[in-house]
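Structure at a glance
Spelled out, the chains give:
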Amino acid sequence: MKEPLVLGIESSCDETGVGIVRGTTLLANTVSSSMDEHVRFGGVIPEIASRAHLDAIVPTLREALDTAGVTLDQVDALAVTSGPGLAGALMVGVCAAKALAVATGKPLYAINHLVAHVGVGLLDDGVYGGSLPGDLGALLVSGGHTEILRVRNIAADVELLGSTIDDAAGEAYDKVARLLGLGYPGGPAIDRIARTGDPRAFRFPRGLTQPKYMGSAEAPGPHRYDWSFSGLKTAVARCVEQHEAAGKPVPVADIAASFQEAVVDVVTSKAVLACREHGLRNLLLGGGVAANSRLRELTAERCAEAGISLAVPPFSLCTDNGAMVAALASRVIMDGRSPSDLAFAPDSSLPVTTVSA
Amino acid sequence: MILLVIDTSAIASAAIIRWHEDGSDAAVLAQFATEDTKSHAEVLAPGVRALLEEQELGGADVDHIVVGVGPGPFTGLRSGIATARALAFAWGTPLSGLMSLDAMAWDVLAAAAPSSDFLVATDARRREVYWARYSPSGLLLDGPHVAYPHALPPLPVYGAGAGIYRDKLAEAGAVVMPSFDRAQPTAASLGLAAVERLARGEELLDTAPRYLRESDAQVPGPRKRAL
Ligand SMILES: [Zn+2]
């Protein structure tokens, strides 16, 4: 089959992304972010993100088409993130994509955002060069999600092995950065200052690691591969308060380093455990927090010990973008799957088992 | 000339209107409207596609797109504007906005000859209404605003916003017009109002949404220190 020219739209959080691929070749990856508008709030404000999507969507579309050097008429298919994500934000991309489908008569594919993060692995010159390995796991860590997936067939068979039961890891970074007065976004700020601190200065909790949650490989507990970061955040707050109450200076770098170590330790140990126990020999690391230096380092170290091959896409393909949506849709199309009915609704909690709706 | 009109300020609706540039002969060729105010993202695109198919029109046949720019609840309002902007981009069609309450003012004038200034009101949720004041000839005099019903001027009020807050409006001296107490802005009426203005050579609006409310986001205060 001829390689389809696919335009993908992403608007599930604070990035308005439009990507264009031909088969597995990336032609454009244009992203407009409203991150700066969220700084003073210390986190993504859904309504502000949604307003920004409305104003960014057409300029981003135009720029992506220009970059790719193609016209809308030449595109074979359209794709859009239909979930999971912020409901009001998803709505803007979905409405724009449906309108393009009406205007052009092209088929539209509603695509799962989380699975699309893995879809970047399909791109040529990417981490797997056009086709994914069979025994693939994906660890997604961002401000919006923390998940470990098992990918048997990216177009049709994806399973959620574990996820956070409360905050996303990136969200925990933002909250702790605020406690420490380090600003937003918290990930880069904490990563930077943690390098000057002692990661063993404080022993912060690793959530859901007690035996009653873990169980054993044969008899897994209820949260063997799940994470929780709310207790960690509370522990950091208490630590800061204790220093303040004692009239002592807050050891910001040590707390940042110890917090980061707690997050990265529990994220990587559970992800590697999930891979080992499911025979996954390859792990793709995605999401915005994949840029975190300590996360990359420890993931690489533990994967190497476990004989797992680790792949980390370039940063512009780890953060939310439209290219990943187009890349996954392209594979879904080449797999011969049907386009979505135009009446589909965005689904803020779309499960990973629904790759395309 | 063919006009495609979309409004999602309350219910979701779309219409195709044909008119001559001298303003004569304006006619609604086809229209659809939902009953509910929550399904915009699902129904709007299939609805527009069905209208075009029914009239055997393609993008090249549409001369102008007009979209209601509210006021209306945020997410619903955006779905219409996002749809209109993307259609206009894809077709290269001129795009304008029109204040959504103008649609109901047009309906009021079409149904009766008001003897005084009148108000149009829709449901703004949170116990408030979106409202605007019009002259007996349908000229927008004040608004749009978002306010508690008791703050409205004591005039006849038309629209679903009036039906919901009948008692509060009555206390404030306003008169709820019974035949309009469930009325919502529709794309068909918005389009007819738009055509009237275009024929008079008037400019329409841009498509910036008239949210009338901030995003509700609170800048977090300084963290309390434990002393
Ligand atoms: Zn994401």
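This text follows the structure it describes.
Residues numbered from 1 in each chain as written. Chains lettered and ligands numbered in written order. Predicted model: local features only at pLDDT ≥ 70, side-chain atom pairs only at ≥ 80, totals over all residues. Heavy atoms only, no water.

Before going further, it helps to examine the coordination of the zinc ion. All names here are of chain A. The protein atoms that coordinate the zinc ion are H113 (NE2), H117 (NE2), H145 (NE2) and D320 (OD), at distances spanning 2.1 to 2.4 Å. One can describe the site at the zinc ion as irregular: its 4 donor atoms subtend angles covering 89 to 160° at the metal. Each donor residue of the zinc ion belongs to the same chain, and together they define the spacing H-x3-H-x27-H-x174-D. Linking H113 in helix α4 (residues 113–119) with D320 in the loop between α11 (315–318) and α12 (322–334), this pair joins segments that are 207 residues apart in sequence. (Donors = N, O, S within 2.8 Å, 3.2 Å for Na, K, Ca; no water. Tetrahedral: all angles 85-135°; square planar, octahedral: opposite > 155°, others 65-115°. Helix = DSSP H or I, 4+ residues; strand = E, 2+ residues; numbered from the N terminus.)

Take the packing of aromatic side chains next. Overall, the coordinates contain 6 aromatic pairs over all chains when judged by the stated rule. When the centroid spacing of 5.9 Å and the interplanar angle of 20° are considered together, the rings of F202 of chain A and F204 of chain A count as stacked. For F202 of chain A, a relative accessible area of 22% gives the class partly exposed. For the ring pair F118 of chain B and Y134 of chain B, a centre distance of 5.7 Å and an interplane angle of 20° mean the geometry is stacked. In this pair, F118 of chain B is assigned in strand β6 (residues 118–123) and Y134 of chain B in strand β7 (residues 129–134), connecting sequence segments 16 residues apart. Owing to a relative accessible area of 1%, Y134 of chain B belongs among the buried residues under this scheme. (Phe/Tyr/Trp six-rings, centres within 6.5 Å; stacked < 30°, edge-to-face > 60°. Buried < 20%, exposed > 50% of the residue type's maximum accessible area, 1.4 Å probe, protein only.)

Right, let's get into the sheet that holds strand β2 (residues 13–18) of chain B. Residue and element names in this part refer to chain B. Taken in spatial order, the 5 strands of this open sheet run β3-β2-β1-β4-β5, and their pairing is mixed. In this open sheet, the two strands that pair with only one neighbour each are β3 (27–33) and β5 (95–98). When the angles between neighbouring strand axes are averaged without regard to direction, this sheet yields 20°. Bridge analysis of β2 against β3 gives 6 bridges, and the strand direction is antiparallel. Looking at β3, one finds that I16 is bridged to A30. Across the sheet, helix α2 (residues 74–91) is in contact with β1 (2–7), β4 (64–68) and β5; its angle to β4 comes to roughly 165°. Running at roughly 130° to β1, helix α6 (residues 187–199) makes contact with β1, β2, β3, β4 and β5 of the sheet. (Pairing = 2+ DSSP bridges. Axes fitted to C-alpha atoms, helices over the stretch in contact; angles between N-to-C directions. Contact = heavy atoms within 4.5 Å.)

Bringing the packing of helix α3 (residues 101–111) of chain B against α6 of chain B into the picture now. All names here are of chain B. One way to put it is that α3 packs onto α6 with a least axis distance of 8 Å and a crossing angle of 85°. Classified by the angle their axes make, α3 and α6 are roughly perpendicular. Contacts from D102, A103, W106 and D107 of α3 reach α6 at S189, L190, L192, A193, E196 and R197. (Parallel < 35°, antiparallel > 145°, perpendicular 65-115°, else oblique.)

On the surface, E21, D22, D25, D61 and D63 of chain B cluster together into a patch of negative charge. Summarising the element assignment, D61 of chain B is placed in the loop between α1 (40–54) and β4. (Patch = residues over 30% accessible without salt bridge, like charges linked within 9 Å, V, L, I, M, F, W, Y side chains within 5 Å. Areas by Shrake-Rupley, 256 points an atom, 1.4 Å probe, with all protein chains shown as cover. Salt bridge = Lys/Arg side-chain N within 4 Å of Asp/Glu carboxyl O. Lys, Arg positive; Asp, Glu negative; His and termini not counted. Charge placed at Lys NZ, Arg CZ, Asp CG, Glu CD.)

All names here are of chain B. For the second largest pocket, the calculated volume is near 290 Å³. Along the wall of the second largest pocket there are 15 residues; nearest its centre are S137, G138, E196, R197 and R200. Within the residue set of the lining of the second largest pocket, elements represented by two or more residues are α3 and α6. Counting residues per element, the lining of the second largest pocket draws most heavily on α3, at 5 residues. Taken together, the residues of the lining of the second largest pocket sort by class into 8 nonpolar, 2 polar and 5 charged. Taken together, domain 1 (2–99 + 185–199) and domain 2 (101–180) each give at least three residues to the lining of the second largest pocket, which thus spans both. (1 Å grid on protein atoms, 1.4 Å probe; cavity = no way out; pocket = protein on both sides within 12 Å on 5 of 7 lines; lining within 4 Å. Points joined across faces, edges and corners; volume = space filled by probe spheres on them. Nonpolar A, V, L, I, M, F, W, Y, C, P; charged D, E, K, R; others polar. Domains from an automatic or database assignment.)

On to the pairing of β4 of chain B. All names here are of chain B. Judged by how many residues are buried, β4 sits mostly within the fold: 5 of 5 residues are covered. Side chains of β4 alternate between two faces, with H64, V66 and G68 and I65 and V67 buried alike. In this structure, β1 lies alongside β4, joined through 4 bridges in parallel fashion. Bridge assignment links V5 to a residue of β4, and that residue is V66. The pairing of β4 with β5 spans 4 bridges and is classified as parallel.

Right, let's talk about helix α3 (residues 87–104) of chain A for a bit. All names here are of chain A. Relative to the 26 Å expected for 18 residues at 1.5 Å per residue, α3 spans 26 Å between its end C-alpha atoms, a close match to the ideal helical length. Counting buried positions along α3 gives 16 out of 18 residues, so the element sits mostly inside the fold. Of the residues flanking the end of α3, it is G105, one or two places downstream, whose phi is positive at about 75°. (Expected span 1.5 Å × (residues − 1).)

Right, let's talk about the sheet that holds strand β10 (residues 309–311) of chain A for a bit. Hydrogen bonds between backbone groups are what pair the strands of a sheet, and the pairing can be parallel or antiparallel. Residues and elements named next belong to chain A. Read across the sheet, 5 strands follow the order β8-β7-β6-β9-β10 without closing on themselves; strand pairing throughout is mixed. A strand with exactly one partner marks an edge of an open sheet, and here the two such strands are β8 (157–163) and β10. Averaged over all pairs of adjacent strands, the angle between strand axes in this sheet comes to 25°, irrespective of strand direction. With 5 bridges connecting them, strand β6 (residues 136–141) and strand β9 (residues 282–286) associate as parallel partners. Across the sheet, the residue bridging to L136 is N282, located in β9. Against the sheet, helix α10 (residues 293–306) contacts β6, β9 and β10, and its axis sits at roughly 175° relative to β9.

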